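# A structural walkthrough
Residue-level listing of the chains:
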Amino acid sequence: MSEVTQKYQAAKAAYEKVNVDTDAVLKQLAEVKISMHVWQGDDVKGFLSDDELSGGISVTGNYPGGARTPEELRSDLEKAYSLIPGKHKLNLHAIYLDTDEKVDLNELEPKHFEKWVDWAKNQGLGLDFNPTFFSHPMFKDGFTLASPDSEVREFWIEHGKRSRKIAEYFGKETGQVCVNNFWVPDGYKDNPIDRYTPRERLMTALDEIFSEKLDPNYTLDAVESKLFGLGAEAYTVGSHEFYMGYGLTRDKLICLDAGHFHPTEVISNKLSSLGLFSDGILLHVSRPVRWDSDHVVIMDDELQEIGRELVRNDLLKKTHIGLDFFDATINRVAAWVIGTRNTQKALLKAMLEPIDTLKEIELSGDYTTRLAMIEELKDFPFADVWNYFCEINNVPVGLDWLTEVKHYEKDVLSLRK
């Protein structure tokens, strides 16, 4: 018996004293798929064009070794997935097409992503998708779908429709539903006179994009709000209120991004409310630092609170968990591994709580015991359960994964010029 297994057996006995079955918890955790985002690997450049990032998107840093081709990106992703326990999903943006054909966003077809699908099937991964409403010449004067220019709107409406067909193709081919998330950066840098009409245009454009009914077994549409972005500091058309109303009335998943709200506002406290009224939720787990800076996810209070809300309220069955961060100041493969493993750890910590017992205590009004148990649970051997989960999934335990990343950097990433 390995040292990791021995420590797990001791942890299992400790959790049994508070009526938590760790074996059952690990089975539950193994069923959760995290949708890891492709854009961490190449700083959101994609393979459509060499245009500079625009539309509220900005990546800082110049750490060596960023992926330059789809093949390099897939190699980096394989390394990252090999260090993360379980089988998961990959979230692609439309700009990550893999084709020799010269094609624009309003001309995309499933065939332009065939290599990604073949790779995902070979790796046993699901695929999610995002249309790309930024970094393009048709992103004009800060607007796409809400533009007053009908030609601009028509371009982006066509892109949205084609993205849905690609997402449907992903779902059919992989056998896993593809969540297709719509975020647009439209807005004004300074205070507008008319806040209503751009939102009306956005609503009408989205209605046209979603006019064709697609099989929900293959793809689900999601809509994502934002407080503000670069160039849209004063007014964002797709606000939280807009998409709450739109998603609930159009039967769409509502995406909550941890970085898209006020600096002191959190998404964890929104989950129980949204869970009451929405058939499904999409999360973009990120880490804002004063604004939507999309830092690598760490084990901070909000990440743990998100995990608790999902588990305590039985929301995992209706929630799709995706990641959204990008950092070019550190090793990009390491960033994926840190963020994904931390997201899994937060869920595991929540699953190791005696939730039914705590709810009964709370309902009885015994808040003393509730507080005492929650505080004592913080000292339980959670890490020993996590390490065992890694061991039985044949991925490195503890910091051993970093050693593998360092070797990969030396042998692969450092050779990219």
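Described below are features of the structure shown in this document. Starting afresh in each chain, residues are numbered from 1 along the sequence in its written order. Local features in a predicted model are, by the rule used here, given only for residues with pLDDT of at least 70; side-chain atom pairs are given and counted only at 80 or more, and totals for whole chains, interfaces and linings are based on all residues. Only heavy atoms go into the side-chain values, all of them from the structure, while hydrogens and water stay out.

Turning next to the pairing of strand β3 (residues 126-130). Only protein chains enter the calculation, and the probe is 1.4 Å; a residue is then buried if its accessible area is under 20% of its type maximum, exposed if over 50%, and partly exposed in between. Runs of E in the DSSP output that reach at least two residues are strands. Runs of H or I that reach at least four are helices, and both are numbered from the N terminus. When you tally the buried positions in β3, you get five out of five residues, the bulk of the element. Neither face of β3 is exposed, since G126, D128 and N130 on one face and L127 and F129 on the opposite face are all buried. Across five bridges, strand β2 (residues 89-93) lies against β3 in parallel orientation. Of the residues in β3, the one forming a bridge with K89 is G126. With respect to chirality, the unit in which β2 leads through helix α4 (residues 114-123) into the neighbouring parallel β3 is right-handed. A pair of strands is considered paired only if DSSP assigns at least 2 bridges between the two. If the strands point away from the viewer and the path from the first strand over the helix to the second runs clockwise, then the crossover is right-handed.

This part covers the environment of H93. Considering the arrangement of structural elements, one finds H93 in strand β2. Assessed through its relative accessible area of 9%, H93 is described here as buried. In sequence terms H93 and F129 are 36 residues apart; their C-alpha atoms lie 5.7 Å from each other. Note on definitions: a residue-residue contact is assigned when non-hydrogen atoms from the two residues lie within 4.5 Å. For H93, the residues in contact, after removing those within four places along its chain, are V38, W39, F113, F129, N130, P131, T132 and F134. At 3.4 Å, the side chain of H93 and the backbone oxygen of N130 are in polar contact. For this analysis, a polar contact is any N or O atom pair within 3.5 Å, provided that within protein one partner can donate a hydrogen and the other can accept it, and provided that sequence-adjacent residues contribute only side-chain to side-chain pairs. At 3.4 Å, the side chain of H93 and the backbone oxygen of P131 are in polar contact.

On to empty space enclosed by the protein. Lining residues are defined by having an atom within 4 Å of a point belonging to a cavity or pocket. Those points lie on a 1 Å grid over the protein atoms alone, cavities being sets where a 1.4 Å probe fits but cannot get out and pockets being open sets with protein on both sides within 12 Å along at least five of seven lines. Grid points are joined across faces, edges and corners, and a volume is the space filled by probe spheres set on the points. Inspection of every chain in the model, using the stated rule, returns four cavities of 30 Å³ or more. Taken as a whole, the largest cavity holds about 200 Å³ of empty space. Considering the residues around the largest cavity, the lining is formed by 17 residues, among which I57, H93, F134, W183 and D324 are closest to the centre. Grouping the amino acids of the lining of the largest cavity by side-chain chemistry returns seven nonpolar, five polar and five charged. Any residue that is not Ala, Val, Leu, Ile, Met, Phe, Trp, Tyr, Cys, Pro, Asp, Glu, Lys or Arg is counted as polar, Gly included; the first ten are nonpolar and the last four charged.

Okay, the packing of aromatic side chains next. Pairing of aromatic side chains here covers Phe, Tyr and the six-membered ring of Trp, requires ring centres within 6.5 Å, and sorts the geometry by plane angle: under 30 degrees stacked, over 60 edge-to-face, intermediate tilted. With the rule as written, the count across this model stands at 19 aromatic pairs. Geometrically, the ring pair formed by Y15 and F380 is tilted, given 5.2 Å between the ring centres and 55° between the ring planes. Taken together, the residues span a long stretch of sequence, with Y15 in helix α1 (residues 3-16) and F380 in the loop between α12 (367-377) and α13 (382-392) at a distance of 365 residues. Ring centres 5.9 Å apart and planes at 45° place the aromatic pair Y169 and F170 in the tilted group. Y169 sits in the buried class, given a relative accessible area of 17%. An aromatic cluster is built from F133, F155, W156, F182, F210, F242, Y243 and Y246, whose rings are joined through pairwise contacts.

This part is about the packing of α1 against α13. Here the axes come from fitting lines to C-alpha atoms, over the contacting stretch only for helices, and the angles between their N-to-C directions go from 0 to 180 degrees. Running from N to C, α1 and α13 point in directions that differ by 130°, and their axes come no closer than 8 Å. The orientation of α1 relative to α13 falls into the category oblique. For the element pair α1 and α13, the recorded crossing hand is left-handed. Between α1, through V4, T5, K7, Y8, A11 and Y15, and α13, the contact on the second element is made entirely by F382, D384, V385, N387, Y388 and E391. Any angle between 65 and 115 degrees counts as roughly perpendicular, while under 35 counts as roughly parallel, over 145 as roughly antiparallel, and the rest as oblique. Handedness of each helix crossing follows the sense of rotation of the near helix against the far helix: counterclockwise by less than a right angle gives left-handed, clockwise gives right-handed.

As a further point, take the nonpolar core. A general feature of soluble globular proteins is that nonpolar side chains tend to end up buried together. Core analysis: the biggest nonpolar cluster contains 118 residues, and L77, L92, W116, L145, F170 and L347 have the highest contact counts within it. At ten residues, helix α10 (residues 332-351) tops the list of elements feeding residues into this core. Apart from the residues lying within four places of it in its own chain, the contact partners of F170 are L92, F113, V117, L127, D128, F129, Q176 and C178. The term nonpolar core refers to a set of buried residues drawn from Ala, Val, Leu, Ile, Met, Phe, Trp, Tyr and Cys, joined through side-chain atoms within 4.5 Å. Membership of the second largest hydrophobic core comes to five residues, among which are V179, A222, L253 and L282.

That's the geometry; what it means functionally is another story.
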